[in-house]
Amino acid sequence: AQSVAQPEDQVNVAEGNPLTVKCTYSVSGNPYLFWYVQYPNRGLQFLLKYITGDNLVKGSYGFEAEFNKSQTSFHLKKPSALVSDSALYFCAVRDAFGRTGANNLFFGTGTRLTVIP
Amino acid sequence: GAGVSQTPSNKVTEKGKYVELRCDPISGHTALYWYRQSLGQGPEFLIYFQGTGAADDSGLPNDRFFAVRPEGSVSTLKIQRTERGDSAVYLCASSPGLALTDTQYFGPGTRLTVL
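Keep in mind that this is a model prediction, so the values were computed, not measured.

Enquirer: In this structure, what is going on with the state of the cysteines? I would like to understand it.
Expert: Note: disulfide means a covalent bond formed between the sulfur atoms of two cysteine side chains. Counting across every chain of the model gives two disulfides over all chains. There is a disulfide in this structure between Cys 23 of chain A and Cys 91 of chain A, and the S-S distance comes to 2.0 Å. The sign of the -65° torsion about the S-S bond sets the Cys 23 of chain A-Cys 91 of chain A disulfide as left-handed. Pair noted here: Cys 23 of chain A is in the loop between strand E3 (19–21) and strand E4 (24–26) and Cys 91 of chain A is in strand E10 (residues 87–95), with a separation of 68 residues, a long-range link. For Cys 23 of chain A, a relative accessible area of 0% gives the class buried. Residue pairing for Cys 23 of chain B: its cysteine sulfur links by disulfide to Cys 92 of chain B, the two sulfurs lying 1.8 Å apart. Judged by the sign of its S-S torsion, about -65°, the cystine formed by Cys 23 of chain B and Cys 92 of chain B is left-handed. Remark: Cys 92 of chain B occurs in strand E9 (residues 88–95) and Cys 23 of chain B occurs in strand E3 (residues 19–24); sequence separation between them is 69 residues.

Conventions and cut-offs
- Residues numbered from 1 in each chain as written.
- Chains lettered and ligands numbered in written order.
- Predicted model: local features only at pLDDT ≥ 70, side-chain atom pairs only at ≥ 80, totals over all residues.
- Heavy atoms only, no water.
- Disulfide = S-S within 2.5 Å.
- Helix = DSSP H or I, 4+ residues; strand = E, 2+ residues; numbered from the N terminus.
- Buried < 20%, exposed > 50% of the residue type's maximum accessible area, 1.4 Å probe, protein only.

Pasting the structure below:
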């Protein structure tokens with residue numbers, strides 16, 4: 001079975017400081033991992049994904065994420081936070097060897113990031 | 001190019017009524033997904049299509065929910081005899097194909113409120 005945990009409901013960070021939004025996962029096979037961001041009254045926007053290869057993945061708007069297989073984590077990071085980064089962030093997983101035909105994403109419950117000016 | 005579009009953006013209905021929610025995917029995307037997002041939760045899978053056929057409908061909560069994609073493009077999610085518990089944001093996504101590596105691109109959602 002697949003599962004995703006985002007242990008922090010809320011993360012506050014000062015503008016200009018580095019930010020980290022945590023995500024851990026559980027799958028039966030190899031994971032495909034995704035990060036999405038959701039602004040108020042808007043759908044989810046794709047940020048980045050890990051499929052294979054380099055453990056550090058770079059994505060949109062200066063975000064990056066580090067895949068750590070031993071810790072089953074895929075934390076989202078940004079070196080310098082902007083006020084405009086304030087939004088709801090979702091981690092999602094697909095299991096490469098999951099249930100036959102299972103193609104959907106399995107999402108965490110989300111982390112609300114607030115960047116304080 | 002144009003992204004995924006969904007109509008209406010908001011729908012208010014009364015308990016017991018029938019509703020239809022529409023999704024127009026990115027042109028050329030063969031895979032289309034429906035998710036439901038309740039307040040304070042992440043999106044939960046409902047159904048997905050490859051072309052015209054429903055490849056996996058295991059996420060539909062009960063037989064009041066049904067979705068179609070008759071021409072392999074636009075999809076309609078249909079909910080019969082709505083209940084207050086159906087209130088949520090319904091999200092549609094599309095992807096180029098069904099490869100596990102394909103990215104799903106989401107629409108803005110339809111907020112359904114059942115009174």
